[in-house]
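# Examining the three-dimensional arrangement
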There are 2 protein chains.
Amino acid sequence: MTDGIIKPQTLRGFRDYLPEAMLPRERLMETARQVYRSFGYSPIDTPALEYSEILLGKGGAESDKQLFRFTDQGGRDVAMRFDLTVPLARFTAQHLTELGTPFKRYHIAPVWRAERPQRGRFREFYQCDFDTIGTTSNAADVETALVIHELFRALGFERFSIRVNHRALLNGYLEKLGLADNATAVLRCLDKLHKIGTEAVIEEMTREKIATAGQAQSILDLASIQGDNDSVLAALDALIAGSESGEHGAGCLRELFGLAKALGIDAGRLRLDPSIARGLDYYTGTVYETLLDDLPGIGSVCSGGRYDNLAGLYTKQPLPGVGASLGLDRLLDAMGELGMHTKRTAPAPVLVVFFLADRLGDYLGLAQRLRAGGIGAELYPEPKPIGRQLKYADRRGFRVAVIAGDDEFARGVWQVKDLATAESIEVSDEAVVARAGAIAER
Amino acid sequence: MTDGIIKPQTLRGFRDYLPEAMLPRERLMETARQVYRSFGYSPIDTPALEYSEILLGKGGAESDKQLFRFTDQGGRDVAMRFDLTVPLARFTAQHLTELGTPFKRYHIAPVWRAERPQRGRFREFYQCDFDTIGTTSNAADVETALVIHELFRALGFERFSIRVNHRALLNGYLEKLGLADNATAVLRCLDKLHKIGTEAVIEEMTREKIATAGQAQSILDLASIQGDNDSVLAALDALIAGSESGEHGAGCLRELFGLAKALGIDAGRLRLDPSIARGLDYYTGTVYETLLDDLPGIGSVCSGGRYDNLAGLYTKQPLPGVGASLGLDRLLDAMGELGMHTKRTAPAPVLVVFFLADRLGDYLGLAQRLRAGGIGAELYPEPKPIGRQLKYADRRGFRVAVIAGDDEFARGVWQVKDLATAESIEVSDEAVVARAGAIAER
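This structure is a prediction, so every number in the text was calculated from the model and none was measured.

Another aspect to go through is the overall build of chain A. Along chain A, the regular secondary structure elements total 17 helices and 16 strands. Overall, chain A is about 90 × 60 × 45 Å in size when its C-alpha atoms are taken along their principal axes. The burial tally for chain A puts 46% of its 442 residues in the buried class.

A few words now on the packing of helix α12 (residues 229-240) of chain B against helix α13 (residues 244-262) of chain B. Residues and elements named next belong to chain B. With their axes 10 Å apart at the nearest point, α12 and α13 run at an angle of 170 degrees to one another. By the angle class used here, α12 and α13 are roughly antiparallel. For the pair α12 and α13, contact is made by Asn-229, Leu-233, Leu-236, Asp-237 and Ile-240 and by Gly-246, Glu-247, Ala-250, Leu-253, Arg-254 and Phe-257, respectively. Taken together, the residues of the contact of α12 with α13 break down into six nonpolar, two polar and three charged.

A few words now on the relation of the copies chain B and chain A. For the pair chain B and chain A, the best superposition has an RMSD of 0.0 Å and corresponds to a rotation of 180 degrees with a translation of 0.0 Å parallel to the axis. Expressed as an axis order, the relation between the two copies is that of a two-fold axis. Rotation axis and chain B: the residue whose C-alpha lies nearest the axis is B:Phe70, separated from it by 3.1 Å. An overlap of 98% is found between the interface residues of chain B and their copies at the interface of chain A, pointing to a shared contact surface.

With that settled, the discussion passes to the packing of helix α1 (residues 19-38) of chain A against helix α13 (residues 328-337) of chain A. Residue and element names in this part refer to chain A. The contact between α1 and α13 brings their axes to 11 Å, and the two run at 120 degrees. Taken as axis vectors, α1 and α13 run oblique relative to one another. The handedness of the crossing between α1 and α13 comes out as right-handed. For the pair α1 and α13, the contacting residues are Pro-24, Arg-25 and Leu-28 in the first and Leu-328, Leu-331, Leu-332 and Met-335 in the second. Across the contact of α1 with α13, the residue classes break down as six nonpolar, no polar and one charged.

Time to look at the environment of B:Met205. Residues and elements named next belong to chain B. Residue position: Met-205 is located in helix α10 (residues 198-207). What makes Met-205 buried here is the crowd of 24 C-beta atoms within 10 Å. Separated by 87 residues in the primary sequence, Met-205 and Leu-292 place their C-alpha atoms 29 Å from one another.

Next up on the list: the domain arrangement of chain A. Taken domain by domain, chain A consists of domain 1 (19-337) and domain 2 (350-440). Averaged C-alpha coordinates put domain 1 of chain A and domain 2 of chain A at centres separated by 49 Å.

Tallying the contact residues gives 81 residues for chain B and 79 residues for chain A. The element contributing the most residues to the side of chain B that touches chain A is helix α1 (residues 19-38) of chain B, with seven residues. For the side of chain B that touches chain A, the class distribution of residues is 44 nonpolar, 18 polar and 19 charged.

Okay, the sheet that holds strand β3 (residues 69-71) of chain B next. By way of backbone hydrogen bonds, the strands of a sheet pair with one another, either parallel or antiparallel. Residues and elements named next belong to chain B. Taken in spatial order, the three strands make up an open sheet running β2-β4-β3, and their pairing is antiparallel. In the strand order of this sheet, the two ends are held by β2 (49-51) and β3, each with one partner. The average angle at which neighbouring strand axes cross in this sheet is 35 degrees, direction not considered. Bridge count for β3 against strand β4 (residues 77-80) is three bridges, and the pairing is antiparallel. Looking at β4, one finds that Phe-70 is bridged to Val-78.

Residues and elements named next belong to chain A. An order of β1-β5-β6-β11-β10-β9-β7-β8 is seen for the eight strands of this open sheet, with the pairing classed as mixed. Since the sheet does not close on itself, it has two edges, and those belong to β1 (42-43) and β8 (270-272), each with one partner. Pairing analysis gives six bridges linking strand β10 (residues 302-307) to strand β11 (residues 321-326), with the strands arranged antiparallel. By the bridge assignment, Tyr-307 is partnered in β11 with Gly-321. Each of β6 (124-133), β9 (283-292) and β11 touches α13; the most contacted strand, β6, lies at about 115 degrees to it.

Below, the discussion takes up helix α4 (residues 85-99) of chain A. Spacing of three or four residues puts side chains on the same side of an α-helix, whose turn is 3.6 residues. All names here are of chain A. The terminal C-alpha atoms of α4, which comprises 15 residues, lie only 17 Å apart, well short of the 21 Å expected from a rise of 1.5 Å per residue. Restricting attention to buried positions, one finds in α4 the residues Thr-85, Val-86, Pro-87, Leu-88, Ala-89, Arg-90, Phe-91, Thr-92 and Ala-93. Residues of α4 that are buried make contact with β2 (49-51), α2 (52-55), β5 (103-112) and β6. Just beyond α4, the residue with positive phi is Gly-100, at close to 65 degrees.

Residues and elements named next belong to chain A. If you trace the backbone, Asp-294 turns up in the loop between β9 and β10. Spatially, the C-alpha atoms of Asp-294 and Arg-121 are 22 Å apart, while their sequence positions differ by 173 residues. Apart from the residues lying within four places of it in its own chain, the contact partners of Asp-294 are Arg-159 and Leu-338.

Looking now at the pairing of strand β11 (residues 321-326) of chain B. Residues and elements named next belong to chain B. The element β11 is extensively covered by neighbouring structure, given that six of its six residues are classed as buried. Residues Gly-321, Gly-323 and Ser-325 point to one face of β11 and Val-322, Ala-324 and Leu-326 to the other, with burial holding for every one of them. Here strand β6 (residues 124-133) runs beside β11; their pairing, made up of six bridges, is antiparallel. Bridge pairing in β11 links Asp-129 to Ser-325.

Bringing the nonpolar core into the picture now. A:Val350, A:Val402, A:Ala436, B:Val350, B:Val402 and B:Ala436 are the most contacted members of the largest nonpolar core, which totals 256 residues. Once you skip the residues sitting within four places of it in the chain, A:Ala436 turns out to touch A:Val350, A:Leu370, A:Ile375, A:Val400, A:Val402 and A:Val416.

Here A:Ala200 lies in helix α9 (residues 198-207). Residues A:Ala200 and A:Glu255, 55 residues apart in the sequence, show an inter-C-alpha distance of 34 Å.

Before going further, it helps to spend a moment on unusual backbone geometry. When glycine is set aside, most residues are seen to have a negative phi, and most peptide bonds are trans. A:Pro102 follows A:Thr101 through a cis peptide bond whose omega is -5 degrees. Located in the positive-phi region is B:Ala422, a residue other than glycine, with phi close to 65 degrees.

This part takes up helix α6 (residues 167-176) of chain A. Residue and element names in this part refer to chain A. Along α6, eight of the 10 residues are buried, which leaves the element largely enclosed by surrounding structure. Restricting attention to buried positions, one finds in α6 the residues Arg-167, Ala-168, Leu-169, Leu-170, Asn-171, Gly-172, Tyr-173 and Leu-174. Next to the buried residues of α6 lie β7 (160-166), α7 (183-190), α10 (213-223), α11 (229-240), α12 (244-262) and β9. In the segment just after α6, Gly-178 is the residue with positive phi, at about 75 degrees.

With that out of the way, let us pick up the confidence of the model for chain A. Averaged over all residues, the pLDDT of chain A is 94; the fraction at 70 or higher stands at 99%. The complex model carries a pTM of 0.95, and its ipTM stands at 0.94.

Criteria and thresholds
Residues numbered from 1 in each chain as written. Chains lettered and ligands numbered in written order. Predicted model: local features only at pLDDT ≥ 70, side-chain atom pairs only at ≥ 80, totals over all residues. Helix = DSSP H or I, 4+ residues; strand = E, 2+ residues; numbered from the N terminus. Buried ≥ 20, exposed ≤ 12 C-beta atoms within 10 Å, placed from the backbone. Axes fitted to C-alpha atoms, helices over the stretch in contact; angles between N-to-C directions. Parallel < 35°, antiparallel > 145°, perpendicular 65-115°, else oblique. Contact = placed C-beta atoms within 7 Å. Nonpolar A, V, L, I, M, F, W, Y, C, P; charged D, E, K, R; others polar. Least-squares fit on C-alpha atoms with pLDDT ≥ 70 in both. Left-handed = near helix turned anticlockwise from the far one by under 90°. Domains from an automatic or database assignment. Pairing = 2+ DSSP bridges. Expected span 1.5 Å × (residues − 1). Core = buried A, V, L, I, M, F, W, Y, C linked by C-beta atoms within 7 Å. pLDDT = per-residue confidence, 0-100.

Following this line, the structure appears as structure tokens:
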């Protein structure tokens, strides 16, 4: 405090969203909602706070340490959710009778982790998950890939690839290598391949006695198979021949890629990638990652997979499912870097300049007519000098300014100024809505 | 714990949102966003957690007691926000240079209060606020009323009334009664009028020595003035004549109602109501409440007002503003009670029945064509008996089911079933999207 003033500041690792960050964020979330809904996923929400026993031990010791956990006024041991998967498990177990299965839900909400703040890592961030629960059918796995594809298309991406693999295929291969008992450790290590490289993976596997050098090399032989989906499948068939698990995984993938091809999905955008493992232990079937061709270095922006049992800690009823999570913040950063955010930052494209104090009704009337025509319009709230209002329009990113003074009112016309080109034209009162709208939509 | 199972439960005063509650909630928030944006308000967001010193003492002792407050891993004294106004004040002070003024923002986000849980009161709920900051111009007050009006129209309400009053008018009258020094206490008591009635207000004012019986009666004389806006204004003019403050308030209201009339706003939906005081101390100008004509008992569903200084605790720069807050939960309950929620609860209107396992590609293809035509379509994920899938469709609230078996595939047709009427018609593969879409939109 200085002079009785409290310093206005956010907590370390937390951040405010100003309009220019929040507008594309809201657009992205709205697109995700529309795509999810169009496939029949329903929205749900759960509390930010849960009993600690619901959240503890679900993400490992690291995750427990990162919990914002405290005792509430009623003496309850409570904590803020650190992801949306554990709350989904609790939610589904609690409301199973009401929900029924199959149950398809999406959930877009903030989560909290007391991580060491660093570039691109925050203590509060949004997750954006969708899942199909209560079915083991591969049709749901196929659909999950289609949802991711549609999502990126709807967001305006052309150059991306959804990388798909199957845990049963990997496990079958590990069985054949005599590594069945080490599968979890192997896959967790393989998951680092794209971050740390081949040498480091082999080094770690042998150092940690997860696999022999020969076994590690065999794993990387499989992971490095590349080519079009059909030829990768053929190569995999040869490697996993005779393994029941491996053949099951290959069969699921063959169906998925066959159907995607029949549906006209670009094969470059949906690729069989035997190197994809996903680190999380609970995946048991199909696994997904999504890379942006123009920014591969940022890693996967949409990942997920199939699991055998979502909520075993809360209910005895087995709940298999499949789903994925969109990396909202990473994707927004990427879209910014790729210049995909529109320059327009004003929420409404038209500024109605407030020039003559006694004409407020006319300005308000025009703004109302514009909005009735589906064109967002803001009235500057004070009759200030026109230059100041145009400076405001420029700073806020408006597309159009509409102006009238005594002369214009006398003649029943408006000046419509295109703020991108700075050109003004004079139009009649009858034509002003259509003309401002045409410029706004350019 | 029993059998190693953790009981799936939410904390007292917290709740899950199932799809049938969440779908109308998302629709309402989306409508609010669209209306706010169309008037030029920008979205912002702030962290759920703030330094406790930012939040403490801002809502009085009661509000401090209700804070979810704790010490974080870094030893910081932190708390979860209890409203969106204090974070807005902190936010605006912190980013003032970047934001500039006038600054119009909306903020739709959850807040937390450890209140005693009771019917309709929860410890986590959403607020949905919009404000214009940095101007004393009455044009912003007029616009605030127009936003509320447009919001309720866009939500589908016909019968509602926005009640407007002005603190300067009330203060002017209180001055004339010799109550200038007690204005805060008087208005806080008057704010209870619609809850506790005339007698109780007079009783409280005299008991608490806020006003004499005669003064209290005079206050209620003013508050009980009714009629069309022009006649109420005329009656008020007489009562506040000679008071500078009173005449300023009356002038602002006269401009507001005159402009609203010129803009064609139904006078029944925007009414001058001298009984509206709002309890909060920081209002200094126009005040707003919104009543639903068919459910007046639930109280105001959208309230707000003008204030002289938003962020005096965090910056020396005075920041006047005006805004209001939509009572999201109360309004959703009201819409449910008034039967305004659509019966349709499925996020996508069409269920594509999965009948023949080897025809998955055809079913996926149809679902894809429907979505490409703008019609949400869900594929049942397993080839289960048709009766079970139709039961699912019914429970989830789908509008249309599309079905094909061997016979239909042989003849290139689909059965399109209207789930509201249970009628089925057979249409060609070319016509199925248009037909299913027509029923879905009914």
